[in-house]
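A look at the structure
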Amino acid sequence: MNKVLVYILLGLGIWMLFFRSDEVVMSEGIKVSSSPLQQKLASAQAFRFKEYRVTPLARFELEAKVLSRENYHLGREADLSPTDLALGWGRMSDEKVLKAIDISQSGRWYRWQTSHFPIPRREIETHSANMHIIPKDEAVASRLADIRQGEIIRLKGKLVRVDADDGWRWVSSLSRDDTGSGACEVFFTESIERVPVVP
């Protein structure tokens, strides 16, 4: 083999190793078999967070694949939640399934479309969700900023209702079975961690 070609291939390999290491390798197969865990609160003490009153509605934790993420900078919601994560579990964490689905986010909505259903429509609806992430503190916000599409993550916290003094309100869904307006989770997130992906 030509020595020049060998050097080119070697250089390309080194470049991919060191300069493309921030990309998540998408491997097929179900990566998250468990469903989100939600626990009703017997009593919940509201608390002040920034300029808002936050009322916990349920304890909530999940492990999920990041299908998409969208950052927001304008509006009241952005004061609380700088990022929405579209998350999937079960067969919605399988890259083979996700290859057949176009996923997007905008205006605090998560949208998907497909020309042919790799799994039943209802399964797509009930095994993925758009979550408005409210970081508990700067440490959680920093971790959130580093999360990328394709990663498997574990989040813990509470689903909440947020009230402003002038009557504005933002209320979380408490179901994974709903769709449309009001179906997103308003998630006061107390911890975020990456989960190693098993090939």
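Residues numbered from 1 in each chain as written. Predicted model: local features only at pLDDT ≥ 70, side-chain atom pairs only at ≥ 80, totals over all residues. Heavy atoms only, no water.

1. Overview of the overall build of the protein
For the protein, the count of helices and strands is five helices and 10 strands. Working note: accessible area of the protein is about 11400 Å², and carbon and sulfur atoms make up 52% of it. (Helix = DSSP H or I, 4+ residues; strand = E, 2+ residues; numbered from the N terminus. Areas by Shrake-Rupley, 256 points an atom, 1.4 Å probe, with all protein chains shown as cover.)

2. Some details on the layout of surface pockets
Size it by volume and the largest pocket reaches roughly 570 Å³. Taken together, 29 residues make up the lining of the largest pocket; nearest its centre are W109, T179, G180, A183 and C184. Of the residues belonging to the lining of the largest pocket, the class tally is 11 nonpolar, nine polar and nine charged. Size it by volume and the second largest pocket reaches roughly 150 Å³. Forming the boundary of the second largest pocket are F49, K50, A78, D79, L80, P82, P135, K136, D137, E138 and A141. Those elements that place two or more of their residues in the lining of the second largest pocket are α2 (76-80) and α5 (138-146). Considering every element that reaches the lining of the second largest pocket, the biggest residue donor is α2, with three residues. Per-class residue counts for the lining of the second largest pocket are six nonpolar, no polar and five charged. (1 Å grid on protein atoms, 1.4 Å probe; cavity = no way out; pocket = protein on both sides within 12 Å on 5 of 7 lines; lining within 4 Å. Points joined across faces, edges and corners; volume = space filled by probe spheres on them. Nonpolar A, V, L, I, M, F, W, Y, C, P; charged D, E, K, R; others polar.)

3. Side note on unusual backbone geometry
If you check the backbone angles, K50 has positive phi at about 55° while not being a glycine. On the secondary structure map, K50 appears in the loop between β2 (47-49) and β3 (52-71). Here R108, not a glycine, exhibits a phi torsion of approximately 70°, which is positive. Locating R108 in the fold gives a position in the loop between β5 (102-106) and β6 (109-113). Residue classification places R108 among the buried residues on the basis of a relative accessible area of 13%. (Buried < 20%, exposed > 50% of the residue type's maximum accessible area, 1.4 Å probe, protein only.)

4. With respect to the confidence of the model for the protein
Mean pLDDT for the protein: 88, with 86% of residues reaching 70 or above. Within the model, pLDDT remains below 50 along residues 12-23, and this stretch shows five contacts once partners closer than five positions in the same chain are excluded. (pLDDT = per-residue confidence, 0-100. Contact = heavy atoms within 4.5 Å.)

5. Describing the environment of S128
The residue S128 is located in strand β7 (residues 128-135) in this model. Along the sequence, S128 and L87 sit 41 residues apart, while their C-alpha atoms lie 5.4 Å from each other. Not counting residues within four places of it along the chain, the set of residues in contact with S128 comprises L67, L87, G88, W89, M92 and Y110. Only 2.8 Å separates the side chain of S128 from the side chain of Y110, close enough to count as a polar contact. Polar side-chain contacts of S128 include one of 2.6 Å to the backbone oxygen of I124. (Polar contact = N/O pair within 3.5 Å; in protein donor to acceptor, adjacent residues only side chain to side chain.)

6. Some details on the nonpolar core
If you look at the biggest cluster of nonpolar residues, it comprises 21 residues, and the most contacted ones within it are L62, L85, L87, M131, L155 and F187. Elements represented by at least two residues in this core include exactly β3, β4 (83-88), β7, α5, β8 (152-163) and β10 (185-194). Residues contacting L87, with those up to four places away along its chain left out, are L62, A64, K65, V66, L67, H127, S128, A129, M131, I153 and L155. L80, I134, W170 and F188 belong to the second-largest nonpolar core, a separate cluster that totals 12 residues. (Core = buried A, V, L, I, M, F, W, Y, C linked by side-chain atoms within 4.5 Å.)

7. Focus: the side chain of H132
On the secondary structure map, H132 appears in strand β7. If we skip the residues at most four places from it in the chain, H132 touches S81, T83, D84, R108, W170, C184, E185, V186 and F187.

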